[in-house]
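# Coordinate inspection notes
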Amino acid sequence: MLIKKKENNLYFYLGVIGFLAGFLLLFYLMSVKGSSGDFLTVFGKLFSIGLIIFGIVYFKRYEKFKQFKDVNIDIKRNEFIVEDKKYLLDKSYLTTSFTKSDNLFCVSLWIEKDNKTVEVFKNFVLDLDEMANFLSMIKPYRKSNILLAKNESGKIKLFDGGFAFENREFFYEEIEKFDTELVITDSAYYLDIKILFKNSQMLEQRLNGGIKEYAKAMYAFLVFDSKNFSKYSLEDYLALFCPKKSYWGIIIFVLDIITAGLIFYNEKFFALGAVMLFVTAFYPWFDNDFKRKLCKEIMKIYLQIHYDKDLNENNTKS
């Protein structure tokens, strides 16, 4: 298989246009308007900085998605061949990771065996046809049959026996330690994951993809943490993890309405009422509500996976 030399010149031109336009506009505003604080000047300066950043982003994208030379890769006689280098694939797995921009893929590949990882190549740029051929080539040596190139929200994809993070596949049995923590910052929820693999690699990320993404990460954690998780104990585990349904939110909402009515009726209640409304606005039942939704999403994943598994087993028997 030939990976052809390629570049997307549009990225280069967008980078040049964005950077130069932003720089010239900023230079003009600083020279003519100086430190003027009127709306148009301030907006123009911010806009010019945005253009400069836009240009830099596309310069970096141009460099990242540029294949500098033709490269031949192949699999023959149980060996992965890159130009004149050969890697034995006996009892090994091929794992890949890639990022996509338009119709180009920036791809890296590793060989994994006995908790040891060898990098085969890094940041080769493939087009759509090359990517399809590449994934077809390595399919017999991958850890799962999930569609890596499928457009799917979030960084995590689940499969039987493991998961893929940013399209790189991992077995649960490769993991030494797995920690997750739900955190709230500036009224937004994030999930921190920290994974130590047996080959001493570390995966440490803060996810911000929302409930569906967090649920997949939590499900992966529960599967790994097998002493708490099994086909028969998930409901019991979630009963401990998930907050109980509470009516305090409704009660506080009714009290807030009454407080607002008292403030409107008599201004003497304004100071005390304002404090009550401020305090109850941060009442933690919202946090519990988010956790309940997260638990429901974990249960959906569990039921879907086991439904698919039972369906496949029945089809195999028949």
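A brief look at the structure comes next. All of these numbers come straight from a predicted model, not from anything done at the bench.

Basis of the calculations
- Residues numbered from 1 in each chain as written.
- Predicted model: local features only at pLDDT ≥ 70, side-chain atom pairs only at ≥ 80, totals over all residues.
- Heavy atoms only, no water.
- Helix = DSSP H or I, 4+ residues; strand = E, 2+ residues; numbered from the N terminus.
- Buried < 20%, exposed > 50% of the residue type's maximum accessible area, 1.4 Å probe, protein only.
- Contact = heavy atoms within 4.5 Å.
- Areas by Shrake-Rupley, 256 points an atom, 1.4 Å probe, with all protein chains shown as cover.
- Pairing = 2+ DSSP bridges.
- Axes fitted to C-alpha atoms, helices over the stretch in contact; angles between N-to-C directions.
- Patch = residues over 30% accessible without salt bridge, like charges linked within 9 Å, V, L, I, M, F, W, Y side chains within 5 Å.
- Salt bridge = Lys/Arg side-chain N within 4 Å of Asp/Glu carboxyl O.

### Observations regarding the overall build of the protein
Across its full length, the protein carries eight helices and 13 strands. The buried share of the protein, reckoned over its 318 residues, is 38%. Counting only contacts in the protein whose residues sit at least 6 apart along the sequence, the fraction spanning at least 24 positions is 54%. Per element, the accessible surface of the protein, about 20000 Å² overall, is 59% carbon and sulfur.

### A few points about the sheet that holds strand 13 (residues 202-207)
Reading across from one edge, 11-12-13 is the order of the three strands in this open sheet, with antiparallel pairing throughout. The sheet is open, and its two borders are formed by strand 11 (175-185) and strand 13, each paired with just one other strand. Within the sheet, the average angular offset between the axes of one strand and its neighbour, ignoring direction, is 10 degrees. Alignment of strand 11 against strand 12 (residues 188-197), held across 10 bridges, turns out to be antiparallel. Looking at strand 12, one finds that Asp179 is bridged to Lys194. Set on the sheet, helix 4 (residues 211-224) makes contact with strand 11, strand 12 and strand 13; between it and strand 11 the angle comes to about 145 degrees.

### Side note on a nonpolar patch on the surface
A contiguous nonpolar patch, built from Phe19, Leu20, Phe23, Leu24, Phe27 and Ile56 and spanning about 570 Å² of accessible area, is present on the exposed surface. A total of five residues in the nonpolar patch trace back to one element, the largest contributor, which is helix 1 (residues 9-32). Position of Phe27 among the secondary structure elements: in helix 1.

### Topic: the sheet that holds strand 7 (residues 116-127)
The strand order 5-6-7 describes an open sheet built from three strands, whose pairing is antiparallel. Both outer strands of the open sheet, strand 5 (93-101) and strand 7, are each paired with one neighbouring strand and no more. Taken pair by pair, the neighbouring strands of this sheet meet at an average axis angle of 15 degrees, ignoring direction. Across the sheet, helix 3 (residues 128-138) lies against strand 5, strand 6 (104-113) and strand 7, angled at about 155 degrees from strand 7, the strand it touches most.

These figures come from the coordinates and say nothing about function on their own.
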